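# Survey of secondary and tertiary structure
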Amino acid sequence: MAIHKEKINPEDDLGFGTQPVIKSQPVINKDGTINVKRTGLPFFTTSNNYHSLITMSWRKFWFIVFSCYFIVNIIFALIYFSLGPDVLDGKSGNTDFDRFMDSFFFSAQTISTVGYGHISPRGMIPNTIAALESMMGLLAFALATGLLYGRFSRPSAKIMYSRNVLIAPYRDGGKGLMFRLANERRNILIDLEMEVVFSYNDEENGKTVRKFFQLELERTRVSILTLNWTVVHPLDENSPIKDITPEELERRQAGLSVILKTFDDTFSQTVHSRTSYQYDDFVWDAKFKPAFERDETGRVVLDLSRISAYEVVH
């Protein structure tokens, strides 16, 4: 066996459960999200909707904001249009399409409380609808502003990880399992703590289960991240995977889960970063190329585009 089970603590409980990995599905995705699909909750759950709007991508967020804006204006434009041709004073259109566009732009001016005054409602019902729309617009824009503030103010770590894990030469002719990381931002990260969990499928009483154990690292803490950090697990006699092979990694659907905790000096808060590596991310007999150099003044320059750069060694 390439995995030495006598060196694994069976009492380790890392919170992932024992469900086996199939079809190369990682426990933790590359972007740090947990690869678990949740169902059974109501669609309109306030806490979940707020969290989704705060954490989703910017592209999806702006798509939702603009889509809601146009849909609401179209609904109110249809209401004004359905009330007849004489409910809006100052309209310039004569055809149905022009009337609808006048209603749409009046709705846009009302919901934003701009109110140019070129078009105005006539009668009790149109004025009531316009008043309700303006109130809804104030609440909606306040909500959008709060979400924007929440997205910008939410502390988070922006860590760049190497694309591959290398089995590289290590001290005294040995080998080590290595990957590299660096801070993408200009802020200062201090008190970094690293945890690397190796997981694999195993047969137990005729049933496939997922096993996890924490790898012992050369260094688990760094006081301050100024350049890049190469995380190393020595493949020595104390390592339970010192004889692991590429074939066994694939057969066992093995992978690494990387969990980083650090203190962000800008926000004065603890932030986290996560990523994962699958068996096909491992590269044997290679080493990382230097990711920094000095300029003409002697100042150290870190090239983030070279974080994943490596070369094969023989």
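Details of the structure are given in the entry above.
Presented here is an overview of the structure given in this document.

Procedures and definitions
Residues numbered from 1 in each chain as written. Predicted model: local features only at pLDDT ≥ 70, side-chain atom pairs only at ≥ 80, totals over all residues. Heavy atoms only, no water. Axes fitted to C-alpha atoms, helices over the stretch in contact; angles between N-to-C directions. Helix = DSSP H or I, 4+ residues; strand = E, 2+ residues; numbered from the N terminus. Parallel < 35°, antiparallel > 145°, perpendicular 65-115°, else oblique. Contact = heavy atoms within 4.5 Å. Nonpolar A, V, L, I, M, F, W, Y, C, P; charged D, E, K, R; others polar. Salt bridge = Lys/Arg side-chain N within 4 Å of Asp/Glu carboxyl O. Buried < 20%, exposed > 50% of the residue type's maximum accessible area, 1.4 Å probe, protein only. Phe/Tyr/Trp six-rings, centres within 6.5 Å; stacked < 30°, edge-to-face > 60°. Lys NZ or Arg CZ within 6 Å of the ring centre and 35° of its normal. Expected span 1.5 Å × (residues − 1). Polar contact = N/O pair within 3.5 Å; in protein donor to acceptor, adjacent residues only side chain to side chain.

## Thoughts on the packing of helix α2 (residues 58-82) against helix α4 (residues 124-153)
In contact at an axis separation of 12 Å, α2 and α4 are set at 180° when each is read in the N-to-C sense. Of the possible angle classes, the one that applies to α2 and α4 is roughly antiparallel. The residues of α4 that touch α2, namely those facing Trp58, Phe61, Trp62, Tyr69, Val72, Asn73, Phe76, Ile79 and Tyr80, are Pro126, Ile129, Ala130, Glu133, Met136, Phe141, Leu147, Leu148, Arg151 and Phe152. Of the residues belonging to the contact of α2 with α4, the class tally is 16 nonpolar, 1 polar and 2 charged.

## Quick notes on the pattern of salt bridges
This structure, assessed with the given rule, holds 14 salt bridges. Between lysine 30 and aspartate 281 there is a salt bridge, with the nearest N and O atoms lying 3.5 Å from each other. Residue lysine 30 is found in the segment before α1 (46-55), and its partner aspartate 281 is found in the loop between β11 (269-278) and β12 (282-284); the two are separated by 251 residues along the sequence. Owing to a relative accessible area of 42%, lysine 30 belongs among the partly exposed residues under this scheme.

## A look at the environment of methionine 160
Structurally, the position occupied by methionine 160 is in strand β3 (residues 159-161). Residue methionine 160 is classed as partly exposed on the basis of its relative accessible area of 24%. Along the primary structure methionine 160 and proline 246 are separated by 86 residues, whereas in three dimensions their C-alpha atoms are 25 Å apart.

## Section: unusual backbone geometry
Excluding glycine, residues mostly carry a negative phi; peptide bonds, for their part, are mostly trans. Phi angles above zero are rare outside glycine, and aspartate 172 is one such case at about 60°. In this structure, aspartate 172 sits in the loop between β4 (165-169) and β5 (175-183). Since its relative accessible area comes to 82%, aspartate 172 is described here as exposed. Even without being glycine, aspartate 191 reaches a positive phi, approximately 50°.

## So, the packing of aromatic side chains
Across all of its chains, the model carries 15 aromatic pairs by this definition. An angle of 25° between the planes, with centres 6.3 Å apart, marks the rings of tryptophan 58 and tryptophan 62 as stacked. Of this pair, tryptophan 58 and tryptophan 62 both sit in helix α2, 4 residues apart, roughly one helical turn. Under the relative-accessibility criterion, tryptophan 62 is labelled partly exposed at 35%. Centroid distance phenylalanine 61 to tryptophan 62: 5.5 Å. Interplanar angle 70°. Geometry classified as edge-to-face. The exposure class of phenylalanine 61 is buried, given its relative accessible area of 1%. Connected via pairs of aromatic rings, a cluster forms that spans Trp58, Phe61, Trp62, Phe66 and Phe152. Residue placement shows arginine 151 over the ring face of tryptophan 58; its charged tip is 4.1 Å from the ring centre. Taking the ring centre of phenylalanine 61 as reference, the NZ or CZ of arginine 151 above it sits at 4.7 Å.

## Re the side chain of serine 199
Note on placement: serine 199 falls in strand β6 (residues 189-204). According to the relative accessible area criterion, serine 199 is buried, its value standing at 3%. Setting aside residues no more than four positions away along its own chain, serine 199 makes contact with Arg210, Lys211, Phe212, Gln253, Ala254 and Gly255.

## Some words on α4
Its 30 residues give α4 an end-to-end C-alpha distance of 44 Å, which sits within 8% of 44 Å, the value for a rise of 1.5 Å per residue. When α4 is considered as a whole, its buried residues turn out to be Pro126, Ile129, Ala130, Glu133, Gly137, Leu147, Gly150 and Arg151.

## What about the side chain of arginine 151?
Relative to the assigned elements, arginine 151 resides in helix α4. You can call arginine 151 buried: its relative accessible area is 9%. Of the polar contacts made by the side chain of arginine 151, one reaches the backbone oxygen of isoleucine 54; its length is 3.3 Å. Each residue touching arginine 151, except ones within four places of it in the same chain, is listed here: Leu53, Ile54, Thr55, Met56, Ser57, Trp58 and Phe61.

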